[in-house]
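# Analysis of the macromolecular model
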Amino acid sequence: MKPASLSYARPATLSDAVNNLQSLADQCRVIAGGQSLGPMLNLRLAQPKHLVDISQLTDLRGASVEDGILAIGACVTHAEIEDRKIPDVTLGLMPFVARGIAYRAVRNRGTIGGSLAHADPAADWLTTTIAMDASLRLVGPAGSREIKVADFVTAAMETAIEDGEVIVQVLVPCFSPKAAWGHAKYAKKLGDFAQSMCVAVVDPGRKVARVVLGRRSELPSLLRGVSELVASKGYDTTSETLRSAIDEDLKAAQADRGDQTMHRAIVERAIRDLAA
Amino acid sequence: MMHAAFVRSPHAHARILSVRKPRDFAAQVYAAEDLTGVARMRSTAKLPGFKPSDWPILAAGKVRHAGEPIAMAIGSTPAEAEDIAGLVEVDFEALRPVVTMADALKKTPPFVHDDWGDNILVDIKLEGGDLAGAKANAVHIVERTFRMNRMHPLALEGRACLAHYDSRLDELVVHVAHQLPVPLQIGLSQVLGISQRRLRVIVPDVGASFGLKTYVESETVAVAWAAMKLRRPVRWIQDRYESLVCDANCRDYQCKIIGYADANGRVLGLECDVVVDSGAYSPWPWPAGIEGGLALGNIQGCYDIRALRGRAINVVSNKPAGQPFRGVARPLSCIGHEIVMDGIAEMAGIDPVEVRLRNFVQPEQMPYVSITKKTLDSGDYAAALKRAAELIDLPAVRARQKTHEPDGRLIGVGFASFYEQTAYGTGPFGYSAWGIELVPGMEPAIARLTGDGELILEVGSHSHGQGHETVFAQVAHEVLGIDPRKVAVRFGDTSSSPAGTGTYTSRSMVTTGGAIAEACRLLTKPLAVVGAHLLQCNESDVQIRDGRVHGPQGSVEFSEIGRAWYHHPEDLPANMDATGLTATAGHKAHDPGVFAYSAHAAVVAVDPEIGSVEVLDYAIVADCGTRVNPLLVEGQIIGGFSNGLGNALYEENTYDEFGQPTATTLADYTVPTAASMPDVKLDFMETPSPFSMFGIKGVGENGAIGPPASIMNAVNDALRPLGAAVFETPVSARRVRDAIARARAAGGS
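Residues numbered from 1 in each chain as written. Chains lettered and ligands numbered in written order. Predicted model: local features only at pLDDT ≥ 70, side-chain atom pairs only at ≥ 80, totals over all residues.

Glancing now at the overall build of chain B. When helices and strands are counted, chain B shows 19 helices and 31 strands. Expected size for 749 residues packed as a compact globule is a radius of gyration near 27 Å; at 28 Å, chain B falls within 12% of this value. Taken over the C-alpha atoms alone, chain B extends approximately 95 × 75 × 50 Å along its principal axes. Taken across its 749 residues, chain B has 59% of its residues classed as buried. Long-range contacts, defined here as pairs at least 24 residues apart, represent 79% of the contacts in chain B between residues at least 6 apart. (Helix = DSSP H or I, 4+ residues; strand = E, 2+ residues; numbered from the N terminus. Rg over C-alpha atoms; globule rule 2.2 N^0.38 Å. Buried ≥ 20, exposed ≤ 12 C-beta atoms within 10 Å, placed from the backbone. Contact = placed C-beta atoms within 7 Å.)

Quick look at the structure:
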C-alpha cells in the first residue's frame, strides 16, 4: 500500500508544469486532488516515474464569466462548487451535482479537472458536463486548444489529451433564465458511484436540449431522440412517443438488458425533474 | 525495524514451477523452502469423513486461491519491501480452478487438494423424529432454494502484527490484532515449533474483528519466523486490498429447505440440504465443516418441530478459506425457518405473525430440548414477536400496503424470530462433538485488591470493542459494591493474563463475567477477616457492601484493608490466609449454552423499476437475560444489525469464472455506512437464564442473524403483487429487477 518510487515536482507556474510534462513525457502523471490517482498509486496500479503536482497553480484556481461562458479553473474542488465559492451559471445544477459526489472528504480535495482527466465513466462530472455541452481548455507545448468534453473522452478511462498537455479550464455555457435541468441517479449507497444517472438540460433561450445517460462502465450517452422530443413536446413521460424514444435511445446506447428498466426509470425521472 | 511484504498468487489455481528471487535482494526474499522449522497448519475435526488439509504458510507446489502468499520480502521500509516483492518472478502452470459449488460437487478433477479424489470436505447428516409421518400428514408443503453469497468479515481495522525476539528472556514476542491470544499462542507454537513458554502474544486494542481475527494466519507466522531468523523486529500491516482478496471469507451457502405443515399451519417436519463453499483451506482452529453443522443444528429455530432430515455438504474451492463470522451459519438457519414460515402463511392464508405464534416453543415447555438437541432454556418467543409487530405498527403498514405509494414503490413487511445459542462449548452437537482442535471451555479471572483499596481484574477473554473494561468492572461492583471507576480490567498479554480461550460465541459476559463474580466472592473472605479484625468484631458479623466492610459498629474502607495487608502485616489477625488480597477463580458455563433470542421486524420499500430496497422501519425485540450494561447491549445489537444489513442488501465477494476476485476495493465491495442505517427501534425483554450466573445470556450475534431473513421476507412481501421473489443475498437491485423480469416473462402482472 505504498507507491513505487517516483519523483515529485510542484511547479510554480503553468508554463513550468507544461515544460515539466513535456520533458518527462509518458513516464509522468499529473496530480491535482489525488482522489483517484492517489489510491491507484498506492495499489501500484499506476506506476509513473514522475508526478507533477498542479494543485498549487493559481491559474487553475477560481472561475470567471466572460461572453456567456463560465471558465472554471481545473483545480477547483467539488466542495468549492458545492459551496458556491465560484459563480453558478447553471441555475443550481452544478452545486447540486457536486453535493452528490462521493463524500465530503473526497469533495474537499477532488477537482473537477482531475475528475474529467481521469475519465471514469461513472463520475458525476462526465455525464453532467456532457449534458451541459461543456468544453475544456487545454494548454500544452503547442499552445492552447478547446475541445468539447464529449470529444475529449474517447473511451472508459481514456482521453484525447496529448503529451505535455494540462486541462486548465472547464468551460460551461451560462444557462438562460428560461433553462430547466433535471437529474436522477441511482447508486448502491450514498456516496457510491452511480449505477445509472441522467442529467437533462433544456434551454429554449439557447436552443439547447440534451438528455445524457451515465452508466457504471460505459461512457455517457447523449439520448438524441429523447433530447429532441423533450425540447419539442415537453416532459410528459406517460406519452407513448417519449417512452418509445427512450427505448430506441437505450437500444442505440447498447444498455445491458438487465439494466434497461433501471436506466429507463432514471431517464424518466430526470425528465420529470425538468418539470419540477 | 524491518517491514514485510508478500508476493501473492495472481492465479486461483496453478502449479508453481519456480520462484526466482531478484539477484540484488535474494537474501531479503523468503519462499516456502526457506522457512526452516515451520510446519503446515492442519486443522482437524472428528466429524465422520472429514478431510483435513495442510495449509502451507507460503504456498509450496501449488497455489489454491488468488492472493495466496508465495514469498515474503523484507525491507527497511514498507515501500522497499513492496519494491522487492514486485521483483520476484514466479512461473506458473495455470490449472483449471474450482469456482462454483456445482464444479466442486462434480467429483471429477480439478481437485483443490490433489490427494482427495474429490472436493468434498465433509458431508454431515442429521436425522430425528418421524419425517415419514410428517410428510404423510402434510397439507401444506413449502419448498424453497436460497443462496447466501460469499462475504468478507470486514473489520474497519485490518490485520497487523509486529514480532521481535527478546534474547534476554529467550522468547518470541508477537504483537498482533486478534480475538484469541492464548489459542494464537498455542497455534503459533505448533507451527513454529517452539514451546509455548517462549512465545508471548500481546494483543493491544483491536479495531473490531467479527470473527476475522480468530485463526492463525500465514502472514503472522511468516513475520514471527522472520523476527526469530533476523533477530530484528519485523512488522506487517495489511492493506485493504490484501484484506478483501486474501483474508478468509464467510457465508457462501446454498440451501434447499422443505417444510411440511398441517392444515393449521403447524410445521410437522423439515428437510434441509445445505452446501457450504468452504474455500481452499480450513483455518486453525476452525475447520470449515463446522459451518454446515451449525446450519443444520439450528434449522428448526424457535419452533416446536419434531421431525427433521438434514444434510450439509462442505465443499472446497479455489477461493480463500471459509471462516466463522458474526452469527456463523445461523443467518442461513434463520432464513431457512423464516421463509418456510412465510411460505406456509401464504399457502394457508394465515398472517405471518400468526403462523409463527402457532409454531413457537411455549414458555411452559422450557427448558425444551429441540430435535437438534438444543436446550432452549427460557423466554417467551411469542411475546417478543408480538412486541416487534407493535413497534412497526403492523396494522398501519398493512393498510399502507393497500394504498398506492406516490413514488410507485412497493411496501413489504417481514419478520425473523430466532434464538442465539451463546457461551456453549462442550455440550451436545457443539464444538467438542465436532472434535475440533480447540474447544472453548472454562474462563479464569484474578481479582487483586491494591494497597489503596482499588481493584485490578485480570481476565483471559479479550475485547475487540465490546466494552469489557466497563462491563467486567460492573460485575465486581455487583459483588463487592466497589465503585466501577476504581476497577481496572486487564487482558491481552499471554505472559501476564490468566489463560482463557478468548472472545467468541457470545461467551465473555457469561463465562468471564461468572469468573469475575467467583473471584470477587473469594476475595470477600480475606476482606471480611481483615475488616472484622480492624473493626474488633467477629468475622461472621461483618457485611461487605458499598466498597466497605461493615461491622455492628462502624465500617472500614477497602483502602484501610489494603493498607493493613500491604504495609503492616504485623497487624493482621493470626488466622489470615497468606494468599492475601488476590483471588483466582474460574467459571464454566452451562454445557449446552444459554439461549438468547430475538424478534426482528422489517418494513421496506422496493422500487420495482430500479430494484433498490430501502429499509423504512426496523424493530428488534431482544432478550439476552439480565442486561449488565444496557448501553453496551444496544451497541452490540445495533452494530450486529449493520453486519446483518450488509449481508442482506450490500456485501458480496464476487469472483469471475477464473476464480479471480472482482470486488477488490471498497468501491466494489459495498459496505453499509452510517447513511445506510435506519433508526432501529429496540426493545427488550429480560428473562434471566436459569443456567447462568446472574441470569446473563450472550448478545454478540443477535443483531447480525436476523436481518437477512427479515429483509428477504419483507422484499418478497413487497414483490408478491408482481408474482416475483428473491431468495439470494445480498438482495441487490439487479437481483430484484431480474426477479421481476422473470415473473413478467412467466406471465405475471
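Counting from both sides, the interface comprises 16 residues of chain A and, opposite them, 21 residues of chain B. Broken down by element, the residue count for the side of chain A that touches chain B peaks at 3 residues, all from helix 11 (residues 260-275) of chain A. Counted by class, the side of chain A that touches chain B contains 8 nonpolar, 4 polar and 4 charged residues. (Nonpolar A, V, L, I, M, F, W, Y, C, P; charged D, E, K, R; others polar.)

This brings us to the sheet that holds strand 2 (residues 28-31) of chain A. The strands that make up a sheet pair up through hydrogen bonds in the backbone, lying either parallel or antiparallel. All names here are of chain A. One open sheet accounts for 3 strands, arranged 1-3-2; its pairing is parallel. For this open sheet the edge positions go to strand 1 (7-9) and strand 2, each flanked by a neighbour on one side alone. Pairwise comparison of adjacent strand axes, ignoring direction, gives a mean angle of 25° for this sheet. Sheet topology places strand 2 next to strand 3 (residues 50-53); 4 bridges connect them, and they run parallel. Along strand 3, the bridge assignment pairs arginine 29 with leucine 51. Contacts from helix 1 (residues 14-24) reach strand 1, strand 2 and strand 3, with the element oriented near 165° to strand 3. (Pairing = 2+ DSSP bridges. Axes fitted to C-alpha atoms, helices over the stretch in contact; angles between N-to-C directions.)

With that settled, consider the sheet that holds strand 6 (residues 135-140) of chain A. All names here are of chain A. Read across the open sheet, the 5 strands follow the order 4-5-10-6-7; overall the sheet is antiparallel. The sheet terminates laterally at strand 4 (63-66) and strand 7 (143-148), the two strands that pair on one side only. This sheet shows a mean twist of 25° between the axes of neighbouring strands, independent of strand direction. Relative to strand 10 (residues 166-173), strand 6 runs antiparallel, the two being bridged by 5 bridges. Each residue of the ladder has a partner; that of valine 139, found in strand 10, is valine 166. On top of the sheet, helix 1 reaches strand 6 and strand 10; it is set at about 125° to strand 10, its chief contact.

On a regular strand, one side chain projects to one face of the sheet and the next to the other, so that they alternate. Residue and element names in this part refer to chain B. Across the 11 residues of strand 29 (residues 613-623), 8 count as buried, placing the element largely inside the fold. Following strand 28 (residues 594-606), the chain reverses through 6 residues before pairing antiparallel with strand 29; glycine 611 in that reversal takes a positive phi of roughly 95°. For the handedness criterion, the β-α-β arrangement of strand 29, helix 16 (residues 630-650) and strand 30 (residues 681-684) is classed as right-handed. (Right-handed = clockwise from strand over helix to strand, strands pointing away.)

Next up on the list: the domain arrangement of chain A. By a widely used convention, the size of an interface equals the accessible area lost when the partners come together. Residue and element names in this part refer to chain A. Once the domains are mapped, chain A shows domain 1 (7-53), domain 2 (61-173) and domain 3 (180-275). The centre of domain 2, based on its C-alpha atoms, is set 21 Å off from the matching centre of domain 3. Across the boundary between the two partners, domain 2 contributes 22 residues, which contact 22 residues of domain 3. Taken together, the elements giving at least two residues each to the side of domain 2 that touches domain 3 come down to helix 4 (93-99), helix 7 (124-131) and strand 8 (153-155). Ranked by the residues each element gives to the side of domain 2 that touches domain 3, the list is headed by helix 7, at 6 residues. Residue composition of the side of domain 2 that touches domain 3, by class: 16 nonpolar, 4 polar and 2 charged. (Domains from an automatic or database assignment.)

On to the nonpolar core. A general feature of soluble globular proteins is that nonpolar side chains tend to end up buried together. Counting residues in each nonpolar core, the largest one holds 328 residues, and the members touching the most others are Ala200(A), Ala476(B), Ile516(B) and Val715(B). Looking at this core element by element, the count peaks at 13 residues for helix 14 (residues 508-535) of chain B. The contacts of Ile516(B), once residues within four sequence positions are left out, are Ala445(B), Ala447(B), Leu457(B), Val459(B), Phe472(B), Val475(B) and Ala476(B). Counting residues in each nonpolar core, the second largest holds 7 residues, with Leu244(B), Val245(B), Cys246(B) and Tyr669(B) among its members. (Core = buried A, V, L, I, M, F, W, Y, C linked by C-beta atoms within 7 Å.)

With that settled, consider the domain arrangement of chain B. Residue and element names in this part refer to chain B. We note that the domain assignment places domain 1 (2-95 + 154-246), domain 2 (250-427 + 591-745) and domain 3 (442-587) within chain B. Distance from the C-alpha centre of domain 1 to the C-alpha centre of domain 2: 35 Å. With 28 residues of domain 1 at the contact, the number on the domain 2 side is 30 residues. Counting only elements with at least two residues in the side of domain 1 that touches domain 2, the list comes to helix 4 (181-192) and helix 6 (240-246). A per-element tally of the side of domain 1 that touches domain 2 places helix 6 first, with 5 residues. Here the side of domain 1 that touches domain 2 is built from residues that sort into 17 nonpolar, 9 polar and 2 charged.

All names here are of chain B. Relative to the elements of secondary structure, phenylalanine 325 occurs in the loop between strand 17 (308-315) and helix 8 (330-348). Given 26 C-beta atoms within a 10 Å radius, phenylalanine 325 is considered buried. For the pair phenylalanine 325 and threonine 214, spaced 111 residues apart in sequence, the C-alpha separation works out to 9.6 Å.

Residues and elements named next belong to chain B. Inspection of the secondary structure assignment puts arginine 720 in the loop between helix 18 (707-719) and strand 31 (728-729). Residue class for arginine 720 comes out partly exposed when judged on the 15 C-beta atoms lying within 10 Å of it. Along the backbone, arginine 720 and leucine 410 are 310 residues apart, and their C-alpha atoms lie at a distance of 9.5 Å.

Between Trp284(B) and Pro285(B) the backbone carries a cis peptide bond, its omega angle lying at 5°. With respect to the helices, strands and loops of the structure, Pro285(B) is situated in the loop between strand 16 (267-277) and helix 7 (290-297). Even without glycine at this site, Lys207(A) takes up a positive phi of about 55°. Residue position: Lys207(A) is located in the loop between strand 12 (194-203) and strand 13 (208-215). Positive phi, close to 60°, is recorded for Arg251(B), a residue that is not glycine.

Residues and elements named next belong to chain B. For the pair helix 8 and helix 9 (residues 352-359), interaxial distance at closest approach is 9 Å and the crossing angle is 110°. If you check the angle between helix 8 and helix 9, you find them roughly perpendicular. Our pair here, helix 8 against helix 9, has a crossing hand that is right-handed. Side by side, helix 8 and helix 9 meet where Met341, Asp342, Ile344, Ala345 and Ala348 of the first sit next to Pro352, Val355 and Arg356 of the second. Taken together, the residues that form the contact of helix 8 with helix 9 break down as 6 nonpolar, no polar and 2 charged. (Parallel < 35°, antiparallel > 145°, perpendicular 65-115°, else oblique. Left-handed = near helix turned anticlockwise from the far one by under 90°.)

Time to look at the packing of helix 8 of chain B against helix 18 of chain B. Residue and element names in this part refer to chain B. At their nearest, the axes of helix 8 and helix 18 sit 8 Å apart, and the two run at 30° to each other. The orientation of helix 8 with respect to helix 18, classified from their angle, is roughly parallel. Handedness of the helix 8/helix 18 crossing: right-handed. Here Pro331, Cys334, Ile335, Glu338, Ile339 and Asp342 of helix 8 come into contact with helix 18, specifically with Pro708, Ala709, Met712 and Asn713. Looking at side-chain class alone, the contact of helix 8 with helix 18 contains 7 nonpolar, 1 polar and 2 charged residues.

Right, let's get into the pairing of strand 12 of chain A. Residues and elements named next belong to chain A. Across the 10 residues of strand 12, 10 count as buried, placing the element largely inside the fold. Between strand 11 (residues 180-187) and the antiparallel strand that follows it, strand 12, lie 6 residues; glycine 191 among them carries a positive phi value of about 90°. Pairing analysis gives 8 bridges linking strand 12 to strand 13, with the strands arranged antiparallel. Across the sheet, residue alanine 200 finds its bridge partner in strand 13, namely valine 211. Counting the residues in the hairpin turn of strand 12 and strand 13 gives 4 residues, including lysine 207, whose phi is positive at 55°.

Below, the discussion takes up helix 19 (residues 733-745) of chain B. Residues and elements named next belong to chain B. The end-to-end C-alpha distance of helix 19 is 18 Å, a good match for the 18 Å that 13 residues give at a rise of 1.5 Å each. Every buried residue of helix 19 is listed here: Ala733, Arg735, Val736, Arg737, Ala739 and Ile740. Phi turns positive, to about 95°, at glycine 747, one or two residues after helix 19. (Expected span 1.5 Å × (residues − 1).)

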